[in-house]
Amino acid sequence: MMRKKRLLLLALLPPFFLTGCWDKKDPEDRAFIITLGVDSTLTGCSFTFAPANIETGEEETYTAESDTLAGAVAQVDTRTSRKTDLGQLKTVILGRNLLENSAKLDSLLRELERSQTVSEKVMLLATDGSAAECVEAAMAEDSKTGLFLWDFYKNTAREVAVTKGMDLDTYLTEREEQGGNGIIPRISAVDGKLQLGGGMAVTPTAVYTMDEEKERGYLFLLGEAEGALLEGEYQGETLPVEIGKTHVFYDFSEVGDSILCTITLPVEGTLQGGSGHLLSRESRKDLEKIFEAIIKGEVEHTLKIAMGAGEDLFGILPRLQRAMPHLAEEYGRDTLWDAMVFEIYPELELKDMGRKR
């Protein structure tokens with residue numbers, strides 16, 4: 001009899017151990033945050049959460065002030081009926097006032113890096129203004145899925161070379177390699193509409209806004225300017241050239257007390273407009289020179305930001321350290337950067353798409 005009771009007890013025990021999800025929330029009880037905006041305040045940070053509202057499709061955002069993201073989530077959870085879930089987070093937008101506060105930015109980045117919920121591939125964007133305004137603009141476009149900003153950025157960045165994609169893991173890696181410096185793609189809310197283009201160069205002591213032209217120069221420095229559109233004047237006519245494949249080669253040499261960095265830029269381009277006549281050999285050479293000068297000028301203007309800042313914003317020193325490790329051992333980063341001089345050599349191969357019939 002005792003044995004039967006024991007067997008019965010053993011049979012009844014498993015269901016108690018299989019109810020581990022009794023306190024879990026169903027999907028409809030969760031607020032799946034797709035976009036997060038972070039701005040600096042006098043007392044901490046302001047976090048703007050944008051959830052996907054699949055059922056109602058109504059625009060809805062949550063805002064909380066806290067020193068940490070975890071603290072902001074806890075605040076929001078006391079004011080809503082749904083549990084805040086960051087597992088589907090796609091985009092984090094950083095306001096300029098946050099970028100200018102190195103301590104707060106470092107703290108946020110460390111928290112995102114340590115998070116067991118937030119993906120290391122979450123996309124980072126920066127804005128000259130308020131991150132909250134950008135989040136609101138994105139929600140106004142698509143509050144149902146919340147993916148408008150994700151799609152807008154992903155598709156635009158792929159097709160038009162106005163900025164470079166940047167996820168959390170890549171940014172943290174580059175930031176560490178470049179002595180705390182890094183470039184974050186820029187987004188703006190203009191009259192309630194989102195505008196993508198340019199970048200924000202962030203150093204431990206300052207933030208520099210890069211317009212579309214300087215961002216394009218940065219993409220040439222990376223060999224990733226495919227899709228860019230340049231316009232040049234030729235015989236009284238404005239001609240557009242779409243950039244195809246791009247490459248970049250760095251060569252370093254010691255010249256007296258300076259370090260010469262020679263940057264060669266093999267570039268393919270396609271003439272998109274004009275009179276419609278096929279290019280002659282002479283006109284092709286003339287146009288190649290014109291657009292090579294444009295590329296050279298844009299890259300030089302971009303480099304001037306880093307030279308003026310006294311900081312390697314574009315990841316050139318790591319290339320030097322790999323090419324000439326003895327210099328890295330002998331001199332510090334600041335000494336190496338101060339000694340750097342640049343020569344830029346674009347090599348454009350121009351194609352004519354001709355007249356379509």
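For clarity, every value in this text was computed on a predicted model and none was experimentally measured.

A. Representation of the overall build of the protein chain in the model. Check the secondary structure of the protein chain and you find 12 helices and 14 strands. When the 357 residues of the protein chain are sorted by exposure, 45% land in the buried category. Contacts in the protein chain between residues at least 24 apart in sequence constitute 66% of all its contacts with a sequence separation of at least 6. Of the roughly 18500 Å² that the protein chain leaves accessible, carbon and sulfur atoms contribute 50%.

B. Structural detail: the nonpolar core. Among the nonpolar cores identified, the biggest contains 46 residues, and F220, I263, L265, F314, L320 and M340 are the most heavily contacted of them. Contact partners of F314, with chain neighbours within four places excluded, come to Q178, I183, M210, Y218, L221, T302, L303 and A306.

C. Examining the pattern of salt bridges more closely. Inspection of the entire model under this criterion finds 13 salt bridges. Among the salt bridges present, the one from E298 reaches R216, with a minimum N-O distance of 2.5 Å. Here R216 lies in helix α8 (residues 212–222) and E298 lies in helix α9 (residues 281–309), a separation of 82 residues in the sequence. Using a relative accessible area of 5% as the deciding quantity, one classes E298 as buried. In this structure R216 comes out as buried when scored by relative accessible area, which is 16%. One salt-bridge network, in which partners are shared between bridges, spans R96, E100, D128, R186 and E212.

D. Spatial organisation of the packing of aromatic side chains. If you walk through the whole model with that rule in mind, you get 4 aromatic pairs. Aromatic side chains F47 and F49 sit 6.5 Å apart centroid to centroid with 25 degrees between the ring planes, which places their arrangement in the stacked category. Given the relative accessible area of 1%, F47 is considered buried. Here F49 falls in the buried class, since its relative accessible area comes to 0%.

E. Looking closely at the packing of helix α4 (residues 102–114) against helix α7 (residues 168–177). Close contact between α4 and α7 brings their axes to 11 Å; oriented N to C, the two are set at 130 degrees. When the interaxial angle is binned, α4 and α7 end up oblique. The two elements α4 and α7 cross, and the hand of that crossing is left-handed. Side by side, α4 and α7 meet where L105, D106, L109, L112 and E113 of the first sit next to L168, Y171, L172 and R175 of the second. Of the residues in the contact of α4 with α7, the class split is 6 nonpolar, no polar and 3 charged.

F. Summary view of α7. Of the positions making up α7, those classed as buried are L168, Y171, L172, E174 and R175. Packed against the buried residues of α7 are α4, β6 (123–127), β7 (182–190), β8 (193–202) and α8. Its side-chain oxygen at 3.2 Å from the backbone nitrogen of D169, D167 defines the N-terminal cap of α7. Directly beyond the C-terminal end of α7, a positive phi value near 65 degrees is found at G179.

G. Region of interest: the packing of α8 against α9. It is the contact of α8 with α9, at a shortest axis distance of 8 Å, that shows an interaxial angle of 100 degrees. In terms of orientation, α8 and α9 fall into the roughly perpendicular class. From α8, E213, K214, R216, G217, Y218, F220 and L221 reach across to α9, where they touch I295, E298, V299, H301, T302, L303 and I305. Taken together, the residues of the contact of α8 with α9 break down into 7 nonpolar, 3 polar and 4 charged.

H. Here's a closer look at unusual backbone geometry. Even without being glycine, Q235 reaches a positive phi, approximately 50 degrees. With respect to the helices and strands, Q235 occurs in the loop between β10 (229–234) and β11 (237–246). Residue Q235 is classed as exposed on the basis of its relative accessible area of 71%.

I. Structural context of the confidence of the model for the protein chain. When the pLDDT values of the protein chain are averaged, the result is 85; 82% of them are 70 or greater. By mean pLDDT, helix α1 (residues 2–17) is the weakest element of the protein chain at 48, and helix α3 (residues 96–99) is the strongest at 97. The model gives residues 16–23 a pLDDT under 50, and that stretch makes 0 contacts with residues more than four places away or in other chains.

J. Region of the structure containing the side chain of T84. Along the chain, the position of T84 falls in strand β4 (residues 83–85). Overall, the relative accessible area of 6% leaves T84 in the buried class. Reaching out from T84, the side chain makes a polar contact with the side chain of D77 at a distance of 2.8 Å. Those residues in contact with T84, other than ones at most four positions away along the chain, are A31, I33, V73, V76 and D77.

K. Broad picture of α9. Compared with the 42 Å implied by 1.5 Å per residue over 29 residues, the 43 Å span of α9 between its first and last C-alpha is a close match. Positive backbone phi, approximately 70 degrees, marks G310, located one or two places after α9.

L. The arrangement of the environment of L219 in detail. In this fold, L219 is placed in helix α8. Each C-alpha atom of the pair L219 and T302 lies 9.9 Å from the other, and the pair is 83 residues apart in sequence.

M. Region of the structure containing the environment of K121. Among the secondary structure elements, K121 is positioned in the loop between α4 and β6. Owing to a relative accessible area of 46%, K121 belongs among the partly exposed residues under this scheme. Counting along the chain gives 46 residues from K121 to D167, while the straight-line C-alpha distance between them is 5.0 Å. Aside from chain neighbours lying at most four places away, what touches K121 is D167 and D169.

Reading the values: the criteria
- Residues numbered from 1 in each chain as written.
- Predicted model: local features only at pLDDT ≥ 70, side-chain atom pairs only at ≥ 80, totals over all residues.
- Heavy atoms only, no water.
- Helix = DSSP H or I, 4+ residues; strand = E, 2+ residues; numbered from the N terminus.
- Buried < 20%, exposed > 50% of the residue type's maximum accessible area, 1.4 Å probe, protein only.
- Contact = heavy atoms within 4.5 Å.
- Areas by Shrake-Rupley, 256 points an atom, 1.4 Å probe, with all protein chains shown as cover.
- Core = buried A, V, L, I, M, F, W, Y, C linked by side-chain atoms within 4.5 Å.
- Salt bridge = Lys/Arg side-chain N within 4 Å of Asp/Glu carboxyl O.
- Phe/Tyr/Trp six-rings, centres within 6.5 Å; stacked < 30°, edge-to-face > 60°.
- Axes fitted to C-alpha atoms, helices over the stretch in contact; angles between N-to-C directions.
- Parallel < 35°, antiparallel > 145°, perpendicular 65-115°, else oblique.
- Left-handed = near helix turned anticlockwise from the far one by under 90°.
- Nonpolar A, V, L, I, M, F, W, Y, C, P; charged D, E, K, R; others polar.
- Polar contact = N/O pair within 3.5 Å; in protein donor to acceptor, adjacent residues only side chain to side chain.
- pLDDT = per-residue confidence, 0-100.
- Expected span 1.5 Å × (residues − 1).

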